[in-house]
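# Descriptive analysis of the structure
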Amino acid sequence: MRTKKVMSVLISMLLVAATTACGGGSGNGGNAGGGASAKPAASANAPAAEATPEASATAEPTTATPEMDFDMGGRTIKIVSWWDMTIPEDNPDNIQRSKNLKELQKKHNFKVEYVALDFGEYQKKVVASLVAGEPLGDIVRMGKAYMIPALTKQDLFWPVDEYTKNENAFNQQMTKEFSQYNGKGYGFSENAGNLISGVFYNRTLMKKLGMKPLQEYVNEDNWNWETFTQVAKEANKDTDNNGKLDVWGLASGGFLEMALASNETDLTVDDKQNLDDPKALEVFKFISKLGAEKVARPTEGGDWQEPAQFFRQGNTLMYAGADYEANGFKTDMKDYDIGFVPFPKGPNATEYHSVESNVQFLTIPKKVENPEWLLYIWEKINDIESIYDYPKQASLESTYDNEDDINNAKMVEGGMLLTNHNTFSTMPYYELLDELKKGTSASTVIQKYKAKVQASVDAVYKK
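Residues take numbers from 1 onward in each chain, read along the sequence in its written order. Owing to the predicted nature of the model, reporting of local features is limited to residues with pLDDT of at least 70; listing and counting of side-chain atom pairs is limited to 80 or more, with chain, interface and lining totals taken over all residues. Note: side-chain values were computed over all heavy atoms of the structure, leaving out hydrogens and water.

The subject of this paragraph is the overall build of the protein chain. Along the backbone of the protein chain there are 18 helices and 14 strands. A 1.4 Å probe rolled over the protein chains alone gives each residue an accessible area, and that area as a share of the maximum for its type sets the label: buried under 20%, exposed over 50%, partly exposed in between. Within the protein chain, buried positions represent 46% of all 463 residues. Considering only contacts within the protein chain whose residues lie at least 6 apart along the sequence, 75% involve residues at least 24 apart. Summed over its atoms, the accessible surface of the protein chain is roughly 23300 Å², and 51% of this surface lies on carbon and sulfur atoms. Every helix listed is a DSSP run of H or I at least four residues long, and every strand listed is a run of E at least two residues long, numbered separately from the N terminus. Contact between two residues is taken to exist if any of their heavy atoms lie within 4.5 Å; hydrogens are not considered. Only the protein chains shown count as cover for residues, and all accessible areas are computed by the Shrake-Rupley method using a 1.4 Å probe.

The next point concerns the sheet that holds strand E1 (residues 75-81). If you trace the 4 strands from one edge of the open sheet to the other, you get E2-E1-E3-E13, paired in mixed fashion. The open sheet is flanked by strand E2 (110-116) and strand E13 (360-363), the only strands paired with a single partner. In this sheet, neighbouring strand axes are inclined to one another by 25 degrees on average, regardless of whether the strands run parallel or antiparallel. Here an angle of 0 to 180 degrees is reported between the N-to-C directions of two axes, which are lines fitted to C-alpha atoms, with helices fitted over the stretch in contact. In the packing of helix H4 (residues 119-131) onto the sheet, the strands contacted are E1 and strand E3 (139-143), and the crossing angle to E3 comes to about 120 degrees. Of the strands in this sheet, E1, E2, E3 and E13 are in contact with helix H14 (residues 371-382), which crosses E1 at around 70 degrees. Two strands qualify as a pair provided DSSP detects at least 2 bridges between them.

This paragraph deals with the packing of aromatic side chains. Geometry of an aromatic ring pair is reported as the spacing of the ring centres plus the angle between the planes. Only centres within 6.5 Å qualify two rings of Phe, Tyr or Trp (six-membered ring in Trp) as a pair; their planes then separate them into stacked at under 30 degrees, edge-to-face at over 60, and tilted for everything else. Across all of its chains, the model carries 23 aromatic pairs by this definition. Ring plane angle 75 degrees and centroid distance 5.8 Å describe the contact between Phe70 and Tyr376, whose orientation is recorded as edge-to-face. One end of the pair, Phe70, is in the loop between helix H2 (53-59) and E1; the other, Tyr376, is in helix H14, with 306 residues separating them in the sequence. Tyr376 sits in the buried class, given a relative accessible area of 2%.

Turning our attention to the nonpolar core. Core analysis: the largest hydrophobic core is formed by 68 residues, its most contacted members being Trp223, Phe284 and Met318. Setting aside chain neighbours within four positions, we find Phe284 in contact with Leu256, Leu267, Leu275, Leu432, Leu436, Ala442 and Ile446. Only buried Ala, Val, Leu, Ile, Met, Phe, Trp, Tyr and Cys residues count toward a nonpolar core, and they belong to the same one when joined by side-chain atoms within 4.5 Å. One finds Tyr146, Leu156, Tyr181 and Leu418 within the second-largest nonpolar core, a separate group that totals 25 residues.

So, about the pattern of salt bridges. When a carboxyl oxygen of Asp or Glu lies within 4 Å of a side-chain nitrogen of Lys or Arg, that pair is called a salt bridge. This model, assessed by the stated rule, comprises 16 salt bridges. Between Arg297 and Glu300 there is a salt bridge, with the nearest N and O atoms lying 3.7 Å from each other. Between Arg312 and Asp332 there is a salt bridge whose closest N-O contact spans 2.7 Å. Of the two residues, Arg312 sits in helix H12 (residues 306-312) while Asp332 sits in helix H13 (residues 326-332), which places them 20 residues apart along the sequence. Within the structure, one salt-bridge network assembled from shared partners comprises Arg203, Asp337 and Asp405.

The next point concerns helix H9 (residues 225-235). Where H9 is concerned, the buried positions are Trp225, Thr227, Phe228, Thr229, Val231, Ala232 and Ala235. Looking at the buried positions of H9, the neighbouring elements they touch are strand E6 (197-202), helix H8 (214-219), strand E7 (248-250), helix H10 (256-262), helix H11 (278-292) and strand E10 (316-322). N-capping of H9 is provided by Asn224, with a side-chain oxygen placed 3.0 Å from the backbone N of Glu226. Within 3.5 Å is the distance limit for a polar contact, defined as a pair of N or O atoms, with the added protein rule that one can donate a hydrogen and the other accept it, and that residues adjacent in sequence qualify only through two side-chain atoms.

Among the residues of helix H16 (residues 403-413), those classed as buried are Asp405, Ile406, Asn408, Ala409, Val412 and Glu413. The buried side chains of H16 occupy one side of the element, clustering within an arc of 160 degrees when seen end-on. Those residues of H16 that are buried lie in contact with E6, helix H7 (203-208), H8, strand E11 (338-341) and helix H15 (393-399). Capping of H16 at its N-terminal end is provided by Asn402; its side-chain oxygen lies 2.7 Å from the backbone amide nitrogen of Asp404. Relevant arc is that of directions from the helix axis to the C-beta atoms, nothing else.

Moving on, we get to the sheet that holds E7. Strand pairs in the sheet, formed through backbone hydrogen bonds, run parallel or antiparallel to each other. Strand order in this open sheet of 4 strands is E7-E10-E6-E11, and the pairing throughout is mixed. Looking at strand neighbours, the two that pair on one side only are E7 and E11, the edges of this open sheet. Taken pair by pair, the neighbouring strands of this sheet meet at an average axis angle of 25 degrees, ignoring direction. Bridging between E7 and E10 involves 2 bridges; their strand directions are parallel. Residue Leu250 lies in a different strand from E10, and its bridge partner there is Met318. Here H16 sits on the sheet in contact with E6 and E11, set at roughly 35 degrees to E11.

Our focus in this paragraph is unusual backbone geometry. Here the residue pair Ile148 and Pro149 is connected by a cis peptide bond, since its omega of 10 degrees sits within 30 degrees of zero. Here Pro149 is to be found in the loop between helix H5 (144-147) and helix H6 (172-178). Unusually for a residue other than glycine, Asn241 sits at a positive phi of about 55 degrees. For Asn241, the location among the structural elements is in the loop between H9 and E7. Residue Asn370 is not a glycine yet carries a positive backbone phi of 50 degrees. Note on placement: Asn370 falls in the loop between E13 and H14.

Function cannot be read off these values alone, since they describe shape.
Structure below.
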């Protein structure tokens with residue numbers, strides 16, 4: 001919060017003053033800027049100019065782009081997405097961003113137009129415009145699944161690595177990891193957090209069943225596939241003794257994406273299938289075992305929303321999902337205390353992860369002139385001193401009442417990984433998953449599908 005930052009500056013000033021009053025000491029002494037020890041010591045009565053907070057700040061390395069002077073001649077910058085990206089003045093951060101934009105428009109002589117396209121038609125329209133050499137905008141939101149490699153290998157976008165180094169304005173993972181192709185990054189974003197995914201659980205039901213709190217497993221660093229399975233089995237109960245389960249531990253076992261990320265692997269790596277990877281084999285065995293042992297609540301013939309509906313009934317302990325579902329649970333399950341823990345670690349993981357299979361980011365089409373100006377403007381809009389201590393703070397604090405849940409969400413957000421199966425339209429992803437959920441052995445699934453997975457990769461990379 002801003003109060004914390006103000007206090008921090010005041011404390012720093014007091015410490016500097018105290019150090020100066022004591023003669024500065026030896027070596028580097030109390031000079032936060034470093035290097036001051038090479039200069040003659042200032043007298044006790046002289047102002048210690050180099051030790052002021054301002055001087056210390058200028059001595060620190062910065063990733064911000066130096067001020068640029070250019071005139072865009074009244075050009076209109078079109079920003080295209082599947083929602084209206086107009087900056088809402090709904091909090092101090094966004095008010096500052098909006099102010100920055102207005103000042104930049106005046107200084108560099110440009111206008112901004114936000115173009116919102118219907119999500120259902122977005123991909124088709126945007127891709128068609130790019131291939132035709134007539135992009136719909138100067139800054140265009142793209143989904144990695146249909147952009148990389150299909151469009152990047154056609155040289156349709158500017159690489160942006162050179163212009164997105166400011167860590168305060170850009171999410172570095174977007175460029176350095178998530179939008180990479182042939183060693184270059186093509187996507188960027190404002191400095192927002194990543195998708196958060198993990199396990200929602202019914203804390204009220206957990207207490208009613210007299211079970212060990214799930215948070216204790218996390219605190220003990222013992223939240224893994226084995227303990228997760230143990231918990232799910234323990235919660236499967238026949239509470240009315242009629243010979244049928246009426247309480248379940250797990251809404252569904254169809255969380256292949258999360259399981260892959262939790263063991264730090266994927267079905268493909270670049271242009272190769274990866275089902276032979278020992279880490280992928282462990283994932284398949286995990287999902288297959290849950291299916292063979294009928295650990296998860298059985299389907300009642302519903303669609304993809306069925307597991308979340310099961311969880312909402314209040315008789316199912318755990319549901320693997322993403323943070324955009326949290327407020328819905330909070331609204332629909334007012335009589336229950338809903339908690340959040342990371343998806344359990346796989347045997348090869350060193351940390352907890354969230355996962356994203358449809359990551360999206362902003363891009364600049366190659367037909368657009370002066371990409372460095374656009375990225376400079378975007379940087380200066382978003383290079384603010386936030387009132388928040390971390391990304392998504394306002395959202396998380398309004399969603400969760402429990403500090404453990406917030407810390408768990410922050411933990412997995414920082415370790416987000418991608419799965420790439422959506423890049424390949426002919427990938428037999430759901431067929432493979434259905435086999436595993438039925439309890440088909442991992443080795444059988446690998447042998448049956450690895451050639452099909454490779455064929456789906458070839459259809460994209462060799463086209």
